[in-house]
Amino acid sequence: MEIKTFGVVGAGQMGNGIAQVAATSGLQVLMSDIKEEFTERGLAQIDKNLSRSVEKSKITSSEREAILGRIATTTDLADMAKADYVVEAAVEREDLKFEIFRDLDAACPDQVILASNTSSIPIGRIAAQTKRPEKVIGMHFMNPVPVMKLVEVIKGLATSRETFDITWALCEKFGKTAAEANDFPGFIANRILMPMINEAVFCVYQGVGKVEDIDTVMKLGMNHPMGPLALADLIGLDTCLAIMETLYDGFKDSKYRPCPLLRKYVEAGWLGRKSGRGFYSY
Ligand SMILES: NC(=O)c1ccc[n+]([C@@H]2O[C@H](COP(=O)([O-])OP(=O)(O)OC[C@H]3O[C@@H](n4cnc5c(N)ncnc54)[C@H](O)[C@@H]3O)[C@@H](O)[C@H]2O)c1
């Protein structure tokens, strides 16, 4: 089955990044969100990224025009009926993703694969919302999508070999390196990363160290390119909390208990870079 039109649900930081790499690879892209101002914001971010690439002579201005010309937007999820493959990148809330997958299942032709960019929600649970569980898969891009090489591809219990192979080939088409994971909460990436971030937040909470010092220890002592608290701000503290909740709920193990300070920041609307304030101010 040839994939010509690639659907992306959600035009936030992940959705617009995925739309950018798909359009750059030559696919037609349809990007949706719930309001036009969000799809416009997503498009503006893509334009900004591509303009920067033109300034750095990585692409020409006519390539920039061509990539932008391949991206259409919509606020009607039913338009995803036109797509040959859909990846969902809406906010990390199980109820919301369930509803989106039920709607996509109703709208899209039977052969269309429905992927989720979820950071931690079990793929099998999402797949069970549809009548095509063999065509549901995790396609977990990293942030920022145009820069990061990895895509974690997650097989649900029912995911077919064909669905897996098509998804793997798409990652290659996008110039990414794929890694295969099985379906457990957090998969590989966030099973390992997020407890470390949560522990860094506990270090702030318990006064073990100041934010800058915690990040300095991990950058210079462990050779991490970013400190865990700066990374949490980049990911979004709401997303970090949602992932910890999924790990805690999935394993029923207190070692995954979200730090109360993380919850407090999210409740205050301190979501990191996207809201202008998190562990740092932007
Ligand atoms: N932030 C990261 O570093 C990161 C990395 C990998 C995966 N993810 C995952 O990607 C997904 C999106 O995260 P993000 O950081 O882009 O969040 P974000 O808040 O930047 O964007 C989410 C977007 O989804 C939109 N949305 C909400 N309901 C919708 C609906 N019903 N239909 C269409 N769009 C809807 C929102 O309006 C928003 O624009 C989450 O599942 C998250 O866990 C995030």
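Here, the structure is the one placed above.
Okay, so let's go over this structure. Being a predicted model, the structure only gives us computed values, none of them experimental.

Some remarks on the overall build of the protein chain
Logical step 1: The secondary structure content of the protein chain amounts to 11 helices and eight strands.
Logical step 2: The C-alpha atoms of the protein chain give 19 Å as radius of gyration, which agrees with the globular expectation for 282 residues (19 Å, within 12%).
Logical step 3: Each of the three principal axes of the protein chain carries a C-alpha extent, and together these read 55 × 45 × 30 Å.
Logical step 4: Taking all 282 residues of the protein chain together, the buried fraction comes to 51%.
Logical step 5: Look at the contacts in the protein chain between residues 6 or more apart in sequence, and 66% of them connect residues 24 or more apart.

Brief notes about the environment of A242
Logical step 1: The topology assignment puts A242 in helix 10 (residues 237-251).
Logical step 2: With a relative accessible area of 16%, A242 lands in the buried category.
Logical step 3: Residues A242 and E94, spaced 148 residues apart in sequence, show a C-alpha to C-alpha distance of 9.4 Å.
Logical step 4: Other than its neighbours up to four places away in sequence, A242 contacts E92 and S120.

Concerning the environment of T167
Logical step 1: Relative to the helices and strands, T167 resides in helix 6 (residues 161-173).
Logical step 2: Taking the C-alpha atoms as reference, T167 lies 9.2 Å from Y85; in sequence the two are 82 residues apart.
Logical step 3: In contact with T167, not counting residues within four places along its chain, are Y85, I113, I137, M139 and V153.

Quick look at the pairing of strand 6 (residues 136-141)
Looking along a regular strand, one sees side chains alternate from face to face of the sheet.
Logical step 1: Here strand 6 lies mainly inside the structure; six of its six residues are buried.
Logical step 2: By the alternation rule, side chains of strand 6 split into V136, G138 and H140 and I137, M139 and F141, which are all buried.
Logical step 3: Pairing analysis gives three bridges linking strand 5 (residues 113-116) to strand 6, with the strands arranged parallel. Residue pairing for strand 6: S116 is matched across the bridge by G138.
Logical step 4: With four bridges connecting them, strand 6 and strand 7 (residues 150-155) associate as antiparallel partners. By the bridge assignment for strand 7, M139 is matched with V153.

Overview of the site of the ligand
Logical step 1: Near the ligand you find 24 residues, and of these D33, E92, K97, S119 and I235 are the closest.
Logical step 2: Note that an oxygen atom of the ligand is positioned 3.2 Å from one of the backbone N or O atoms of A90.
Logical step 3: Between the ligand and K97 there is a distance of 2.8 Å, counted from an oxygen atom to a side-chain nitrogen or oxygen.
Logical step 4: Relative to its free-state accessible area of 840 Å², the ligand is covered by the protein chains to the extent of 88%.
Logical step 5: Elements represented by at least two residues in the shell around the ligand include exactly helix 1 (13-24), helix 4 (94-107) and strand 6.
Logical step 6: If one sorts the elements of the shell around the ligand by residue count, helix 4 sits on top with three residues.
Logical step 7: Per-class residue counts for the shell around the ligand are 11 nonpolar, nine polar and four charged.

Examining the sheet that holds strand 2 (residues 28-32)
Through backbone hydrogen bonds, the strands of a sheet pair up, either in parallel or in antiparallel fashion.
Logical step 1: Judged by pairing direction, the sheet is mixed, and its eight strands sit side by side in the order 3-2-1-4-5-6-7-8 without closing on themselves. Each edge of the open sheet is held by one strand with a lone partner, namely strand 3 (71-74) and strand 8 (177-182). Recorded for the sheet is a direction-independent mean angle of 25° between the axes of neighbouring strands.
Logical step 2: In this structure, strand 7 lies alongside strand 8, joined through six bridges in parallel fashion. Bridge pairing in strand 8 links L150 to T177.
Logical step 3: Together, strand 1 (5-9), strand 4 (85-88), strand 5 and strand 6 form the strand contacts of helix 4, whose direction differs from that of strand 5 by roughly 165°.

Cut-offs used in this document
- Residues numbered from 1 in each chain as written.
- Predicted model: local features only at pLDDT ≥ 70, side-chain atom pairs only at ≥ 80, totals over all residues.
- Heavy atoms only, no water.
- Helix = DSSP H or I, 4+ residues; strand = E, 2+ residues; numbered from the N terminus.
- Rg over C-alpha atoms; globule rule 2.2 N^0.38 Å.
- Buried < 20%, exposed > 50% of the residue type's maximum accessible area, 1.4 Å probe, protein only.
- Contact = heavy atoms within 4.5 Å.
- Pairing = 2+ DSSP bridges.
- Near = heavy atom within 4 Å.
- Polar contact = N/O pair within 3.5 Å; in protein donor to acceptor, adjacent residues only side chain to side chain.
- Areas by Shrake-Rupley, 256 points an atom, 1.4 Å probe, with all protein chains shown as cover.
- Nonpolar A, V, L, I, M, F, W, Y, C, P; charged D, E, K, R; others polar.
- Axes fitted to C-alpha atoms, helices over the stretch in contact; angles between N-to-C directions.

Geometry only, nothing functional implied.
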